[in-house]
Amino acid sequence: GAMLPFAAKESQSDKPTVLLIPGFACSTVYWRETKKYLTSAGYTVHSLDLLGQGKSAKPGRSSSPIAINYSIDLWAQMIDEYARRYIGSKNKAGVVLVGNSLGSVVALSAATGD
């Protein structure tokens, strides 16, 4: 598997877990103030870099022998897998996906299964 930097701040509440998805060329650092606000409001917050963006691994770039087709579908599948693996049934209130720029398109695709 490729390296995907992520951050999680846990909370003990009945509120949904929030998963923050940064936009094109951005990293989880983009959400630092949003994470502070949401965790202070009692939310559990996760954020992660999309593969090939931010501080994540960048397979398929010129220095890598691996060919990869970066796409909304690929990133949406990765978001879905992350949510299932790391959030899953931990929160009965569900998950709220929040994206910026490219991250918003990925969030919509992951939420709708498209």
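Since we're looking at a predicted model, the values are computed, not measured.

A.B. asks: Break down the environment of Leu-102 for me, citing the residues and quoting the values.
C.D. replies: By secondary structure assignment, the location of Leu-102 is in helix α3 (residues 102-112). Looking at Leu-102, the relative accessible area reads 16%, which means it is buried. For Leu-102, the contacting residues outside a window of four places in its chain are Gly-23, Phe-24, Leu-50, Ile-72 and Trp-75.

A.B. asks: Can you tell me about the pairing of strand β3 (residues 45-48), naming the residues and giving the values?
C.D. replies: Residues of β3 alternate between two faces, with Val-45 and Ser-47 on one and His-46 and Leu-48 on the opposite face, all of them buried. With three bridges joining them, strand β2 (residues 17-21) and β3 adopt parallel strand pairing. The partner of Leu-20 across the bridge, within β3, is Ser-47. What joins β2 to β3 is helix α1 (residues 32-40), and the crossover it makes is right-handed.

A.B. asks: Account for the nonpolar core, with residues named and values stated.
C.D. replies: Leu-19, Ile-21, Leu-50, Trp-75, Ile-79 and Val-106 are the most contacted members of the largest nonpolar core, which totals 16 residues. The set of elements that each furnish at least two residues to this core consists of β2, α2 (72-87) and α3. A per-element tally of this core places α2 first, with seven residues. If sequence neighbours within four positions are ignored, Val-106 has contacts with Leu-50, Ile-72, Trp-75, Ala-76 and Ile-79. Formed by five residues, the second largest nonpolar core is a distinct cluster that contains Val-18, Leu-20, Leu-38 and Val-45.

A.B. asks: Any chance you could break down the pairing of β2 for me, citing the residues and the numbers?
C.D. replies: Burial of β2 is extensive: five of the five residues sit out of reach of the surface. Of the two faces of β2, the one holding Thr-17, Leu-19 and Ile-21 and the one holding Val-18 and Leu-20 are both buried throughout. Bridging between β2 and strand β4 (residues 95-99) involves five bridges; their strand directions are parallel. When the sheet's bridge partners are listed, Ile-21 is paired in β4 with Gly-99.

Basis of the calculations
Residues numbered from 1 in each chain as written. Predicted model: local features only at pLDDT ≥ 70, side-chain atom pairs only at ≥ 80, totals over all residues. Heavy atoms only, no water. Helix = DSSP H or I, 4+ residues; strand = E, 2+ residues; numbered from the N terminus. Buried < 20%, exposed > 50% of the residue type's maximum accessible area, 1.4 Å probe, protein only. Contact = heavy atoms within 4.5 Å. Pairing = 2+ DSSP bridges. Right-handed = clockwise from strand over helix to strand, strands pointing away. Core = buried A, V, L, I, M, F, W, Y, C linked by side-chain atoms within 4.5 Å.

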